[in-house]
Amino acid sequence: MHKFADEPRAIALLSDMAARLQHLEQSPLFLSESPNKFNDAGQDDLWLAVQSGETYWEQSHFFEDRSEPLVREHSAYGHNLSGDSVLDIGASFESSLIASLRRQLKELQDKEWRKLIGYDHLIGLAYEMGQWWLVLELVNYGEGEVYSWDDDGFFLVGIVDRIDDRVGQKRLFYFETVDTANLARLGSTARAYFEPNLVDLPVATDLHALLVDAIATVRKQSPKPAGLKSSSSPPQTGVTSRFYSDFPRSFHEDLREKEGEFRRPDQQGRWPKYQPRPSIEPQEYSDLAKTLHTTLGTLEQAGWRAIFGQALGEKLDKNEAVSLFLDSEIAVVTRDNSAFLVEEDRLSFLGQIPFPNCHDLPDIFANLRALLD
């Protein structure tokens, strides 16, 4: 855990800024700066960013190895104007929200938030899941520590993938790992994300029945570990909607290259040919692949993702990862880090696991067994 230089004053400054930004009522909110986002060796790239909802702005300052400084900006922002109105405004069209957030970030800099926090790399104030967060990221190393705070001070909540690459996305945080000891200190909304309850029991019963049928079908085909990932789910952290397919996918050690990519037979029951690359002669899909895809297709057709969300009292956003993991002994359905055990007669909350990397089933099942021990 980071040792803060002046924790009371840092919390006071962040709390004051959070109170002043709360009126925006948009998530995510993000104010951040890093002295060396790109060129960590030369330490010559100052990076600034702000975001509110889908409105965001980034600015980078390049100094080394140039005859004169170079500043680059990138922004995008939503508005309620018609297309014709935007055209009429023309080149003077600008975002007052971005301007306001930039002033707030400059105020944090002027009040020396970096000195109070005592950190030389990326620092960011963020609001998501109904909670205010402080992000400390060692840029170019791919992860950051996420803290929140209460009357007793800062507390670590978990490790996230590289947040500076997520500016402009509808979701900032994917928690690679979660510090479960501190979840009780979170507000109700954030805590409900990490420790969800099945609030609609009749729907949970329907989901359970659907999963039990799927589990039985897959186990008849293979006792080995398998994973079924729903549509609109990233297979691991660090993968955003811009870089992964929205299609569902199956995972199993006996599947051939790309054989887990979702396929279904046509109306006459004929399966497409398996051909991972043009240089490979088309072949039949394996019985395992057909079973996994048929089972996954049944889950998708039933809307298991939406049913899971309804059982949790939520509407699951795109990029929330929903998966079913099973072998001959364990069956678990997950939403991001949260795992629910599929028992013979019910679903029960199991706990938090590191964000499941569907490409590493042995690691997932090791984490699940650690929860069960």
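Above this text you will find the structure in question.
Here we summarise the structure given alongside this text. (Residues numbered from 1 in each chain as written. Predicted model: local features only at pLDDT ≥ 70, side-chain atom pairs only at ≥ 80, totals over all residues. Heavy atoms only, no water.)

### Here's the deal with the nonpolar core
Using the following cut-off: Side-chain atoms within 4.5 Å are what join buried Ala, Val, Leu, Ile, Met, Phe, Trp, Tyr and Cys residues into a set we call a nonpolar core. Throughout, exposure labels follow a simple rule: accessible area from a 1.4 Å probe, protein chains only, divided by the maximum for the residue type, with under 20% read as buried, over 50% as exposed, and the rest as partly exposed. The way it works is that DSSP assigns letters per residue, a run of H or I at least four long becomes a helix, a run of E at least two long becomes a strand, and they are numbered from the N terminus. Two residues qualify as a contact provided that any one of their heavy atoms is within 4.5 Å of a heavy atom in the partner residue.
With 34 residues, the main nonpolar core has L211, L299, W304, L324 and V333 as its most contacted residues. Those elements that provide at least two residues to this core are α6 (201-221), β10 (226-229), α7 (287-302), α8 (304-312), β12 (322-326), β13 (331-335) and β14 (338-342). For this core, the leading source of residues is α6, giving 8 residues. In this view, L299 contacts L210, L211, A214, L228, W304 and L324; residues no more than four positions away in its chain are not counted. If you look at the next biggest cluster of nonpolar residues, it comprises 33 residues, including M17, L24, V50 and L125.

### Focus: the side chain of S52
Along the chain, the position of S52 falls in strand β2 (residues 45-52). S52 sits in the buried class, given a relative accessible area of 0%. Apart from residues lying up to four places away in sequence, S52 is in contact with L24, Q26, P28, L29, L97 and L101.

### Regarding the packing of aromatic side chains
Formally: Aromatic pairs are defined between Phe, Tyr and Trp rings, using the six-membered ring for Trp, whenever the two ring centres lie within 6.5 Å; interplanar angles under 30 degrees are classed as stacked, those over 60 as edge-to-face, and all others as tilted. Should the NZ of a Lys or the CZ of an Arg lie within 6 Å of a ring centre and within 35 degrees of the ring normal, that charge is described as sitting over the ring.
Applying the stated criterion across every chain yields a total of 14 aromatic pairs. Summarising the aromatic geometry, the rings of W133 and F175 are spaced 6.0 Å apart at their centres and angled 55° between planes, so their arrangement reads as tilted. In this pair, W133 is assigned in strand β6 (residues 131-137) and F175 in strand β9 (residues 175-178), connecting sequence segments 42 residues apart. For the pair F308 and F340, a centre-to-centre distance of 5.8 Å together with 85° between the ring planes defines the contact as edge-to-face. One end of the pair, F308, is in helix α8; the other, F340, is in strand β14, with 32 residues separating them in the sequence. Side by side, F308 and F340 carry an identical accessibility label, which is buried. Ring pairs connect the aromatic residues W133, F173, F175, Y193 and F194, which therefore count as one cluster. The ring of Y174 carries the charged tip of R171 above its face, separated from the ring centre by 4.0 Å.

### Structural notes on the pattern of salt bridges
Formally: Salt bridge, as used here, is a side-chain nitrogen of Lys or Arg placed within 4 Å of a carboxyl oxygen of Asp or Glu.
For the coordinates displayed, the defined rule picks out 26 salt bridges. Here E107 ties to K111 by a salt bridge, and the two come within 3.0 Å at their closest N and O atoms. Owing to a relative accessible area of 41%, K111 belongs among the partly exposed residues under this scheme. Among the salt bridges present, the one from E257 reaches R277, with a minimum N-O distance of 2.4 Å. Of this pair, E257 sits in the loop between β11 (249-252) and α7 while R277 sits in the loop between β11 and α7, placing them 20 residues apart in sequence. On the accessibility criterion, R277 (37% relative accessible area) is partly exposed. Several salt bridges share partner residues, and in doing so they unite D16, R20, E107 and K111 into one network.

### Considerations on the sheet that holds strand β1 (residues 29-34)
Stated precisely, the cut-off is as follows: If DSSP finds at least two bridges between two strands, the strands pair. Whenever a helix is involved, its axis is fitted only over the stretch in contact; in every case the axis is a line through C-alpha atoms, and angles between N-to-C directions fall within 0 to 180 degrees.
Spatial strand order, β4-β3-β2-β1-β5-β6-β7-β8-β9: 9 strands in an open sheet with antiparallel pairing. Edge positions in the open sheet fall to β4 (70-76) and β9, since each of these has one partner strand only. Each strand axis lies, on average, 20° off the axis of its neighbour in the sheet, ignoring direction. Pairing of β6 with strand β7 (residues 143-150) involves 4 bridges; the strand directions are antiparallel. Opposite L134, over in β7, you have Y147 as the bridge partner.

### Considerations on the pairing of strand β5 (residues 122-128)
Taking burial as the measure, the 7 residues of β5 include 7 buried ones, the bulk of the element. Side chains L122, G124, A126 and E128 project from β5 onto one buried face, and the interleaved I123, L125 and Y127 project onto a second face that is buried too. The pairing of β1 with β5 spans 5 bridges and is antiparallel. Across the sheet, the residue bridging to F30 is A126, located in β5. Two elements, β5 and β6, share 7 bridges in a ladder whose sense is antiparallel. Of the residues in β6, the one forming a bridge with A126 is W133. The turn joining β5 and β6, which pair antiparallel and follow one another in sequence, is formed by 2 residues; a positive phi near 60° is taken by M129.

### Comments concerning the sheet that holds strand β15 (residues 347-352)
Taken in spatial order, the 6 strands of this open sheet run β11-β10-β12-β13-β14-β15, and their pairing is antiparallel. Every other strand in the sheet has two partners, leaving β11 and β15 as the edge strands with one partner each. Taken pair by pair, the neighbouring strands of this sheet meet at an average axis angle of 20°, ignoring direction.

### A look at the layout of surface pockets
Note the following rule: Grid points spaced at 1 Å and placed over the protein atoms alone form the basis of the search, with a cavity being a set where a 1.4 Å probe fits but cannot get out and a pocket an open set showing protein on both sides within 12 Å along at least five of seven lines. Lining residues have an atom within 4 Å of a point. Grid points are joined across faces, edges and corners, and a volume is the space filled by probe spheres set on the points.
Here the largest pocket is characterised by a volume of approximately 570 Å³. Around the largest pocket sit 23 residues that line it, and E128, K170, R171, D317 and E320 are the ones nearest its centre. Top contributing element to the lining of the largest pocket by residue count: helix α5 (residues 188-194), with 3 residues.

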